[in-house]
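So the chains spell out like this:
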Amino acid sequence: MSLYAVSLSAGEKAVYEALWKDVVDGNGQLDAGNAVTLLRESKLPDGILHEIWEIADAPGEGYLLEAGFHIALKLVALKQAGNPVDKDLLTKDAVIADLGPHTKKYAHLAHPPSAPASKDGGDAVDWTIGDDDRARYCEMFASLGPVDGCITGKKARKVLMKTGLPTDALGMIWECSDIDGDGNLDQEEFCIAMALVGRCLEGTPAPRTLPKALMPPSKRAAGKQAAKPPAETKTPEPEKVQAPPARPAVTKVTPPPAPPTTASAKPGAADGGGSSTAGSAASDEWVVKAGERKTYDAFFKTADKDGDGMVAGGDIMKIFLTSKLPKDTLAHIWNLVDVDDVGAINAEQFALA
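All residue numbers refer to position in the chain's written sequence, counted from 1. The model is predicted, so local features are restricted to residues of pLDDT at least 70 and side-chain atom pairs to those at 80 or more, both for listing and for counting; the totals for chains, interfaces and linings are taken over all residues. Hydrogens are left out, water is left out, and the side-chain values use all remaining heavy atoms of the structure.

Draft legend 1. Up close: the pattern of salt bridges. The term salt bridge refers to a side-chain nitrogen of Lys or Arg lying within 4 Å of a carboxyl oxygen of Asp or Glu. Applying the stated criterion across every chain, the model contains four salt bridges. The shortest N-O distance in the salt bridge between K74 and E12 comes to 3.3 Å. Here E12 lies in helix 1 (residues 10-23) and K74 lies in helix 4 (residues 66-80), a separation of 62 residues in the sequence. In terms of burial, K74 and E12 fall into one category: buried. A salt bridge links D22 to K105, with the nearest nitrogen and oxygen atoms 3.0 Å apart. Here D22 is found in helix 1, whereas its partner K105 is found in the loop between helix 5 (101-104) and helix 6 (131-143), with 83 residues between them in sequence. The way it works is that DSSP assigns letters per residue, a run of H or I at least four long becomes a helix, a run of E at least two long becomes a strand, and they are numbered from the N terminus. Each residue is assigned to one of three classes by its accessible area relative to the maximum for its type, calculated with a 1.4 Å probe on protein chains only: buried under 20%, partly exposed between the two thresholds, exposed over 50%.

Right under this line is the structure:
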């Protein structure tokens, strides 16, 4: 019997209940040994897992019932998002715990399948990209270190898989955004991909073909030459440059808020003010203005106590929490800026966050 109440979203409940059926024994229990093996898939240190176990198995029975199992997974998810292991956080919103293949195979349960889209790409929906959103996407693109104006399919896959969208939706997003079919994304294509992700996170089904409103004028010829049949909704091969595989699903979150609107970045700014992308005019104007960047850098230096130019997630989350944004939104922001999954970010990524 659990001593603590835990709040689960519909997505968390669906995934955790399915996982429980995989691990529960004939007595309706999960013993300590098997629980530890499963929880180690979270990649959290054993010391942290011990703290989680002490709360989940508060009665000291040496095994978990389903309620205790839910508590353990909730605490894992909260810790992965940069929170402390604290029973008082069990009623807070959180993303779904990442237990590798164990939670990945149930990711689809947290999201309804994408409904069939109209042949013309769902033009009844307003697919236009606002200036603030475009500026934010350009800043994200710049932070990914494009080479010759493009990021690789592998790097794009890392960003997309962090969204938690179902594999079928990600497959259609990739097919729509890689307009010239070269397996890479330039700045315009990346903005398209992010716009589609944002709409899907808001509940709009992923389109099977690129909506007309999203087709850049400079890409219209390439779009006709590279026209492809509607994407099949199957999981891509890991080593091929295809749509990114789904990450353990997250609860539905609002896309990260747009940066200050005092200025808008123009296509080409993400290329470092050098060559333009697909005919866009070059610009040195950034979303994060010089004055703002100076303030953000001061915060970063305060957090970077060892002066190595990187700050770990736990320390950054303390700063993020002062924003009063929901923890699941902060976790989603962290996932977007920590592109390399190293658990730490640099000054540029901090400013973008």
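And the narrative resumes.
Draft legend 2. Quick look at the side chain of H70. Mapped onto the secondary structure, H70 falls in helix 4. Given the relative accessible area of 10%, H70 is considered buried.

Draft legend 3. Highlighting the environment of T204. Mapped onto the fold, T204 is located in the loop between helix 9 (187-201) and helix 10 (220-225). Sequence separation of T204 and V125 is 79 residues, and the distance between their C-alpha atoms is 8.3 Å. By the convention used here, residues are in contact when the closest approach between their heavy atoms is within 4.5 Å. With residues near it in sequence (within four places) discarded, T204 still touches V125, W127 and R199.

Draft legend 4. Representation of helix 7 (residues 153-161). Within helix 7 the residues assigned to the buried category are G153, A156, R157, V159 and L160. For helix 7, the angular spread of the buried residues around the axis is 165°, confining them to a single face. Throughout, the arc means that of the directions going from the helix axis to the C-beta atoms.

Draft legend 5. Expanded view of the environment of P326. Summarising the element assignment, P326 is placed in the loop between helix 12 (313-321) and helix 13 (327-337). On the basis of relative accessible area, P326 is assigned to the partly exposed category, the value being 41%. Sequence separation between P326 and A94 is 232 residues; the distance between their C-alpha atoms is 9.0 Å.

Draft legend 6. Highlighting the packing of aromatic side chains. Between rings of Phe, Tyr and Trp, where Trp is taken as its six-membered ring, a pair exists when centres lie within 6.5 Å; planes separated by under 30 degrees are stacked, by over 60 edge-to-face, and by other angles tilted. Tallied over the full model, the rule gives three aromatic pairs. Their ring planes at 45° and their centres at 5.1 Å tell us that W20 and F69 sit as a pair that is tilted. With a gap of 49 residues between them, W20 in helix 1 and F69 in helix 4 connect regions that are remote in the sequence. Judged by centre distance (5.8 Å) and plane angle (55°), the ring pair of F300 and F350 falls under tilted. In this pair, F300 is assigned in helix 11 (residues 290-303) and F350 in helix 14 (residues 347-352), connecting sequence segments 50 residues apart. As far as burial versus exposure is concerned, F300 and F350 are alike and both buried.

Draft legend 7. Structural detail: helix 3 (residues 46-56). Of the residues making up helix 3, those classed as buried are I48, L49, I52, W53, I55 and A56. Down the axis of helix 3, the sector holding all buried residues measures 160°, keeping them to one side. Each element contacted by the buried residues of helix 3 is listed here: helix 2 (32-39), strand 2 (63-64) and helix 4.

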